[in-house]
Amino acid sequence: MKRNSLLSCILLILFCTFTVLAEEWKMGDGKVWSRADKAITLSRDAETKHEGRETVKLVHTGPDDWAYTDYKRIEVKPGDIIELSAWIKHEGPTNSSNTGISVTSKTKSNDVVAWTYGNKELRGSVPWTLLKTKFMIPEGVVVIEPRLTGHGPSTTWLDGFTTAKVGFRDVSAAKNAAPVSVENKFLELTVKPSEGTFSVTDKRTGRIWTQVLESQKFVPVLSSNAATKTSFALIDMETLLEYDVALTLEKDKPEILVTVNGQGPMSGSISFPAPFTSKNGDRLIIPMNEGISYPVEEKDIKVSKLIAYGGHGLCMAFWGQIEDANGSGMVAILETGDDGAINIVPNKEGLLQVNASWEPSMKEFRYPRKLRYAFFDKGGHVAVCKRYRQRAKEIGLLVPFTEKVKKNPNIDKLLGAANIWCWEGNKAELVKEMQSLGMDRILWSGGGKAEELVELNKLPNVLTSRYDIYQDIMDPARFEEVGKHPDWTTEAWPHDINWISSDGTWRKGWEVTPKDKTKPRIPCAVICDSKAVPYARQRIAKELETKPYACRFIDTTVAAPWFECYHPDHPMTRSDSRKYKMELLKLIGDLGLVCGSETGHDASVPFCEYYEGMLSLGPYRVADSGRDMIRIWDEVPPQVERFQVNEKLRLPLWELVYHDCVVAQWYWGDYNNKLPKVWRKRDLFNALYGTPPMYLFTRKNWTENKEKFAESYKTAEPVSRATAYAEMVDHEILSPDRSVQRSTFSNGVVVTVNFGENPFKLSDGTTLNGNDWTMKK
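Since this is a predicted model, take the numbers as computed values, not measurements.

1. Brief notes about the sheet that holds strand β13 (residues 180-183)
Part 1: Strand order across the open sheet formed by four strands is β13-β14-β15-β16, with antiparallel pairing between neighbours. Strands with a single pairing partner mark the edges of an open sheet, and in this sheet they are β13 and β16 (208-209).

2. Some details on the pattern of salt bridges
Part 1: A full pass over the atoms with the stated rule returns 55 salt bridges.
Part 2: Here D772 and R680 are joined by a salt bridge, their closest N and O atoms 3.6 Å apart. Of this pair, D772 sits in strand β47 (residues 772-776) while R680 sits in helix α13 (residues 679-689), and the two are 92 residues apart along the sequence.
Part 3: Residue R680 is classed as partly exposed on the basis of its relative accessible area of 31%.

3. What to know about the nonpolar core
Part 1: Membership of the largest hydrophobic core comes to 158 residues, with the highest contact counts inside it found for I286, Y294, W319, L334, I344, W654 and Y658.
Part 2: In terms of residues, this core owes the most to one element, helix α3 (residues 380-394), which gives six residues.
Part 3: Other than its neighbours up to four places away in sequence, I286 contacts G291, I292, Y294, L306, L314, W319, I342, I344, V354 and L653.
Part 4: Core analysis: the next-biggest nonpolar cluster, separate from the first, contains 29 residues, L58, M136, F161 and M237 among them.

4. Side note on the packing of aromatic side chains
Part 1: Under the definition given, this model contains 32 aromatic pairs.
Part 2: Ring geometry for F318 and Y388: centres 4.8 Å apart, planes at 45°, overall tilted. Taken together, the residues F318 in strand β25 (residues 318-323) and Y388 in helix α3 connect sequence positions 70 residues apart.
Part 3: Overall, the relative accessible area of 3% leaves Y388 in the buried class.
Part 4: Three or more aromatic residues joined by ring pairs make a cluster, and in this case those are F198, W209, F276, Y373 and F375.
Part 5: Lying over the aromatic face of W157, K89 brings its terminal NZ or CZ to 5.0 Å of the ring centre.

5. With respect to α3
Part 1: Here α3 spans 22 Å end to end across 15 residues, near enough to the 21 Å set by a 1.5 Å rise per residue.
Part 2: Buried residues dominate α3, accounting for eleven of its 15 residues.
Part 3: Phi for G396, located one or two positions after α3, is positive at around 85°.

6. Here we look at the side chain of Q639
Part 1: Relative to the assigned elements, Q639 resides in helix α11 (residues 638-644).
Part 2: Side-chain polar atoms of Q639 contact the backbone oxygen of R621, separated by 2.9 Å.
Part 3: Ignoring any residue separated from it by four or fewer positions in sequence, one finds Q639 in contact with Y620, R621, V622, A623 and Q644.

7. Overview of the environment of P676
Part 1: Within the element layout of this structure, P676 appears in the loop between β40 (663-665) and α13.
Part 2: For the pair P676 and H495, spaced 181 residues apart in the sequence, the C-alpha separation amounts to 47 Å.
Part 3: Setting aside its immediate chain neighbours within four residues, P676 contacts I632, W633 and K708.

Procedures and definitions
- Residues numbered from 1 in each chain as written.
- Predicted model: local features only at pLDDT ≥ 70, side-chain atom pairs only at ≥ 80, totals over all residues.
- Heavy atoms only, no water.
- Pairing = 2+ DSSP bridges.
- Helix = DSSP H or I, 4+ residues; strand = E, 2+ residues; numbered from the N terminus.
- Salt bridge = Lys/Arg side-chain N within 4 Å of Asp/Glu carboxyl O.
- Buried < 20%, exposed > 50% of the residue type's maximum accessible area, 1.4 Å probe, protein only.
- Core = buried A, V, L, I, M, F, W, Y, C linked by side-chain atoms within 4.5 Å.
- Contact = heavy atoms within 4.5 Å.
- Phe/Tyr/Trp six-rings, centres within 6.5 Å; stacked < 30°, edge-to-face > 60°.
- Lys NZ or Arg CZ within 6 Å of the ring centre and 35° of its normal.
- Expected span 1.5 Å × (residues − 1).
- Polar contact = N/O pair within 3.5 Å; in protein donor to acceptor, adjacent residues only side chain to side chain.

In short, shape yes, function no, at least from these values alone.
In structure tokens, the structure reads:
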């Protein structure tokens, strides 16, 4: 009898918990909004029914966002668990349209906390689908307004939009948990489980690295601690996914390892841990391509998110934060970068700060994510890079040229060679003329006929190469409109295409201008990386039978992200994609060729010898640099002047880690002679960094400027050859305005560059003129 009474009580409690609130939106009574004027229409549809009922139909023609809501205010309290559900049918392109259900959350004073809290969305064309989202109400929110939102051109049908309270989570005990501290001789780590934040006191410098929550996304549920380890659990209030967080203070090092683990579906990325608070005088160290630094006071950097799984993002999986005044700071290393990224955003004081972002893996959390913080009391950006170089060596990425050249002696021809792109005229005749002017080391990238390559290969210090690509596939049905490019892997259509969703929507790649230029560009599909290697092996091996290339440049492979694939015959995670991309690059070496790829990423260091584009910071190149390569720019665009060639911001981060492993070059649409007004400055960057130049020109441009090319080479090339096998061990800022800088290499070469206009007196008493450089051994 008592057991039955107890069971009855439990059932009654559950019934009360799950039926407190249940309301269905009366479809068609709401209002619509779109960012573009008159871009959306609302109607009832008696033909496209769901379960025999007429539905609401929304047609949106604009390219931006839209919303549908009845502005119904539903009172809630912190800890309430709310579930939204709706039947939705959606028609629209997968790449540019979506629709989803969410709520606008508001405070007691009617201020909006979030416009699309708890958002769950559908992309592309989907049949009638019951879409559900469940979330917890955070502190400060007292009202929610359910809404349907979307983006891009589409038609959406809606039925049965229901809002229900399905539970309550009391987290007051964990929220009242006291801070806990652990320490070693370098650091004191203090964790606040009640917030899911921590602070670090560096005992050597006295700086306390603190975190401030800018938004309340996570809520703690429990915590524990031991001698050097603290752990706690968090709930993501928007998804109700639980995460276990462990912070381990290394026993004898000024380092902390953060491990975040969870299981289950993810609707989007999560950002954790919270960023360390910046203070005036700090500088962010960001390995975007070759590298850049941002004073935290910088207002418009034009980037906010950088992925760690592709060359157009973080090319090495870390970021740093240093104090300019004394060189102390920290480096944060993404030890699991395949699904990682960083966000660079200003805090409430307007100062830039960085935190890690973790992406879903095949729409799930799937595996533990790891982030390591290492703190130092001196050394600045050099200390940041040297700690990461140690990490690279530990995981097998650090493969120096001294080892690579043993397998392929032709690699020595690459080192110190100017990369030359020219497709016109007699190629051997041009190279001979260049060498007669003192441009003796040449990476010839312009390809050629078999007899031309034979002649080029006979010349001293010339490495013959050509462009190639294993990413783009054009639909053969479109050949009449665009022609047929010999580098398209046409045989892969359609069975080896990468799918971005299980509905068969294929990933779009390079867009080709059709013969009728009045019509829009036509996109290629992207090959699944797991299928690329056999096509490459067949094509390259066959060509080498008649054309004696010694080198090959593989476009996009490491510039493009690691791609997931949802094709049922060859599904692929980002980690799988990385593995297959590296197999493609390894194939080039296995075939006896020197290997180059676009932009660069350190996952490929063991397999690549050079990167085109590493010196050119992706977001700050000239417009359309990937298509309009030959155009010479008379005026310097603002983003190029402010960031691309600004010595006050740029840093040789890549060289400090990998100078002795891979050659970094400019981009083929952003080369030394691209903008004559900053040509000399690019040459000086080459000298300072120990990297060779790149020139792209027509024969007319060469004839008119050959003396200038030769003069440029004499500045931009010598250091790269002299230091090719050496580590860059130091990089110093010698003047307060950062215009005078010095690089030191492990073989004793020291290079000093004055980017400024005025002479500068060096410590040895000599004077370095403006826009000049010097090299000493």
